[in-house]
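Inside the fold
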Amino acid sequence: MASAAEIVERYFDAWTSKDFETARSLLHDDLSVKGPIETLDSADALMESIKGLAQIVTAAERRGLLEQGDQAVVFYDLHTVPIPTAPVAEWYTVRGGKIAARSQRCSSSSRRDVEGASWECARARATA
């Protein structure tokens, strides 16, 4: 079975390349997501959010990936149309070869910008 880091890396690569089918296949149905912008309780809800965000993402540069047992943390710079660079850290828990939980953090200096990006994302979804 793949390690937590390998699964998280595959998920990151999938969603950032807009391969949503692969990204979804790496998530438990009852996925738990907690972050500064939203709290979600299913993989389908996360994928809906990610698809909206992907409309404004111009790049995501992975800076690091750490693993300990069934947990992995990925650090990356998220580049979007409204925000040139937002540093992000996401902490994942993997269970049975799929992502079971994700907790997201943004730098305090970029949180306001990320919330603005979320608003832009929501607005884009509402007009699509």
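Before going into details, it helps to say that this report is about the structure given with it. (Residues numbered from 1 in each chain as written. Predicted model: local features only at pLDDT ≥ 70, side-chain atom pairs only at ≥ 80, totals over all residues. Heavy atoms only, no water.)

**Notes on the overall build of the protein chain**
Within the protein chain, the regular secondary structure consists of four helices and six strands. Helices and strands appear in the protein chain in the N-to-C order α-α-β-β-α-β-β-β-β-α. For the protein chain, long-range pairs separated by at least 24 residues make up 47% of all intrachain contacts whose partners lie at least 6 apart in sequence. Within the structure as shown, the protein chain displays about 6900 Å² of accessible surface, and the carbon and sulfur contribution to it stands at 49%. (Helix = DSSP H or I, 4+ residues; strand = E, 2+ residues; numbered from the N terminus. Contact = heavy atoms within 4.5 Å. Areas by Shrake-Rupley, 256 points an atom, 1.4 Å probe, with all protein chains shown as cover.)

**Digging into the pairing of strand S1 (residues 27–34)**
Consecutive residues of a regular strand have side chains that alternate between opposite faces of the sheet. Bridging between S1 and strand S2 (residues 39–40) involves two bridges; their strand directions are antiparallel. By the bridge assignment for S2, valine 33 is matched with leucine 40. (Pairing = 2+ DSSP bridges.)

**Looking at unusual backbone geometry**
Phi is positive for lysine 18, which is not a glycine, with a value near 65°. Considering the arrangement of structural elements, one finds lysine 18 in the loop between helix H1 (4–16) and helix H2 (20–25). A relative accessible area of 48% means that lysine 18 is categorised as partly exposed. (Buried < 20%, exposed > 50% of the residue type's maximum accessible area, 1.4 Å probe, protein only.)

**Thoughts on the environment of serine 17**
Residue placement: serine 17 occurs in the loop between H1 and H2. Separated by 37 residues in sequence, serine 17 and alanine 54 have C-alpha atoms that sit 9.0 Å apart.

**Quick look at the nonpolar core**
Among the nonpolar cores identified, the biggest contains 30 residues, and Tyr11, Trp15, Leu27, Leu46 and Ile99 are the most heavily contacted of them. Those elements that place two or more of their residues in this core are H1, H2, S1, helix H3 (43–54), strand S4 (71–80) and strand S5 (86–95). Ranked by residues supplied to this core, first place goes to H1 with seven residues. Not counting residues up to four positions away in its chain, the partners in contact with isoleucine 99 are Ile7, Val8, Tyr11, Leu26, Leu27, His28, Leu31, Tyr92, Thr93 and Val94. (Core = buried A, V, L, I, M, F, W, Y, C linked by side-chain atoms within 4.5 Å.)

**So, the pairing of strand S3 (residues 57–68)**
Examined bridge by bridge, S3 and S4 share 10 bridges and lie antiparallel to one another. Bridging across to S4, glutamate 67 finds its partner in alanine 72. What sits between S3 and S4 in their antiparallel hairpin is a turn of two residues, with glycine 69 showing a positive phi close to 60°.

**Section: the pattern of salt bridges**
This model, assessed by the stated rule, comprises eight salt bridges. Of the charged contacts in the structure, one is a salt bridge between arginine 24 and aspartate 29, with a shortest N-O distance of 2.6 Å. Residue aspartate 30 is joined to arginine 95 by a salt bridge in which the shortest nitrogen-to-oxygen separation is 3.5 Å. Here the residue aspartate 30 occupies a position in strand S1, and arginine 95 occupies one in strand S5, the gap between them amounting to 65 residues. Taken together, the salt bridges that share partners define one network made up of Glu9, Asp13 and Arg62. (Salt bridge = Lys/Arg side-chain N within 4 Å of Asp/Glu carboxyl O.)

**Brief notes about H1**
Taking 1.5 Å of rise per residue, 13 residues should cover 18 Å, and H1 covers 18 Å from first to last C-alpha, within 8% of that figure. Buried residues of H1: Ala4, Ala5, Ile7, Val8, Tyr11, Phe12, Ala14 and Trp15, and no others. (Expected span 1.5 Å × (residues − 1).)

**Thoughts on the side chain of aspartate 77**
Here aspartate 77 lies in strand S4. A distance of 2.9 Å separates the side chain of aspartate 77 from the side chain of arginine 63, its partner in a polar contact. Residues contacting aspartate 77, with those up to four places away along its chain left out, are Ala59, Ala60, Glu61, Arg63, Thr85, Ala86 and Pro87. (Polar contact = N/O pair within 3.5 Å; in protein donor to acceptor, adjacent residues only side chain to side chain.)

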